[in-house]
Amino acid sequence: MDSGIPSLNIPTTPEDVELLGGTPVEGLRAVLDNLDALVYVSDFETHELLYMNAYGRKIWGSIDGRKCWEVLQDSASPCDFCTNHLLIDSGGSPSSPHIWEFQNRLDQRWYQCRDQAIPWIDGRLVRLEIATDITERKEMELALKEAHKKAKAAALEDDLTGLRNRRAFFELGNQLLKQSRRNGSPLAIIMLDLDHFKQINDNHGHDAGDAVLRHIGQVLESNVREADIAARIGGEEFAILLADAHAVEASDMAERLLSLMQKTPVWYRDVQIRPTASFGISSLHPEEPNLENLMARADSAMYESKALGRGRVRVKP
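Residues numbered from 1 in each chain as written. Predicted model: local features only at pLDDT ≥ 70, side-chain atom pairs only at ≥ 80, totals over all residues. Heavy atoms only, no water.

- Identification of the protein chain as diguanylate cyclase from Marinobacter adhaerens is taken from an unreviewed UniProt entry.
- Entered under Cofactor (unreviewed entry) in the UniProt record, the comment concerning the protein chain runs "Mg(2+)".
- We quote the UniProt Catalytic activity (unreviewed entry) comment for the protein chain here in full: "2 GTP = 3',3'-c-di-GMP + 2 diphosphate". (UniProt positions renumbered as here; feature names shortened; annotations may be inferred.)

### Quick word on the overall build of the protein chain
Thought 1: Helices and strands together make up the secondary structure of the protein chain, namely 10 helices and 12 strands.
Thought 2: Whereas a compact globule of 317 residues would reach a radius of gyration of roughly 20 Å, the protein chain reaches 33 Å, over 25% beyond that.
Thought 3: The buried share among the 317 residues of the protein chain stands at 42%.
Thought 4: The contacts in the protein chain between residues at least 6 apart in sequence include a share of 56% that link residues at least 24 apart.
Thought 5: As presented, the protein chain carries roughly 17200 Å² of accessible surface, and 51% of it is formed by carbon and sulfur atoms.
Thought 6: Averaging the positions of the 36 positive and the 49 negative side-chain charges in the protein chain gives two centres separated by 9 Å. (Helix = DSSP H or I, 4+ residues; strand = E, 2+ residues; numbered from the N terminus. Rg over C-alpha atoms; globule rule 2.2 N^0.38 Å. Buried < 20%, exposed > 50% of the residue type's maximum accessible area, 1.4 Å probe, protein only. Contact = heavy atoms within 4.5 Å. Areas by Shrake-Rupley, 256 points an atom, 1.4 Å probe, with all protein chains shown as cover. Lys, Arg positive; Asp, Glu negative; His and termini not counted. Charge placed at Lys NZ, Arg CZ, Asp CG, Glu CD.)

### Structural notes on the sheet that holds strand β12 (residues 313-315)
Thought 1: One open sheet accounts for 5 strands, arranged β7-β8-β6-β11-β12; its pairing is mixed. One side of each edge strand has no neighbouring strand; the edge strands of this open sheet are β7 (229-234) and β12. The mean angle between the axes of side-by-side strands here comes to 20°, regardless of whether they run parallel or antiparallel.
Thought 2: Packed on one face of the sheet, helix α6 (residues 166-183) meets β6 (187-194), β7 and β8 (237-243) and runs near 135° to β7. (Pairing = 2+ DSSP bridges. Axes fitted to C-alpha atoms, helices over the stretch in contact; angles between N-to-C directions.)

Structure, rendered in structure tokens:
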């Protein structure tokens, strides 16, 4: 595959030099100085810069016998990303060129670099690097990657609450269920449905209902563990899948969440709204066929909570 970096053969013997004809040094310098890429040579052991073409001198200035990291990185110590060790084999002889991409810390530009160890005219080993500026291309790649990342995240996130959506809950939940079965670890689920939510919308408007849903999302997000999966399943219904937890731990969390809802009212246009919810808890059975079955038992417990007066927690083993 074409790397986009020109490959140069630096003359290393008198015979090579003669092949250039006429004024070989000046001719080679003219070629290198007209390349739209950085070319430099540094001593493999001391890192002293021996040559830099006009492209490089225009950006980084004169080499003045300084070391490569002093000029290219304006650093007082060797670079922690130096590739010299990749350019020689176990016997210390030059190996194949190493091609990589790198963002220069000094000018913040992206470069595609072709590094190679070669014998210099006096016989010592040197590092030859040819670096082509790929900033525009790289920025487009990174922007595209970030766009894909955001699109994927958006597809798995509930726009209103910021929690996982139903699709994400089932995708991640099934992974967690498989992991639980594989490790023999417990798994519990909390289902909750806001009480009298239709009345909130009817009495105060749908914007007030949205404010309540956002508030519940914040309460859940702030109080579940990092390993748990909290999601808005639909409408005013939410679910939390608790990794490595039994029904008793899930019940304790549900009671805590219910208490927080009761203690933290939602203010909307000078109106105080105190949402409550009915909770249903269930835990994974060894013979549980799927996540839907686990949810169904928790859902049944949640409706028992509603039938008993709402604003409470019920557990269905």
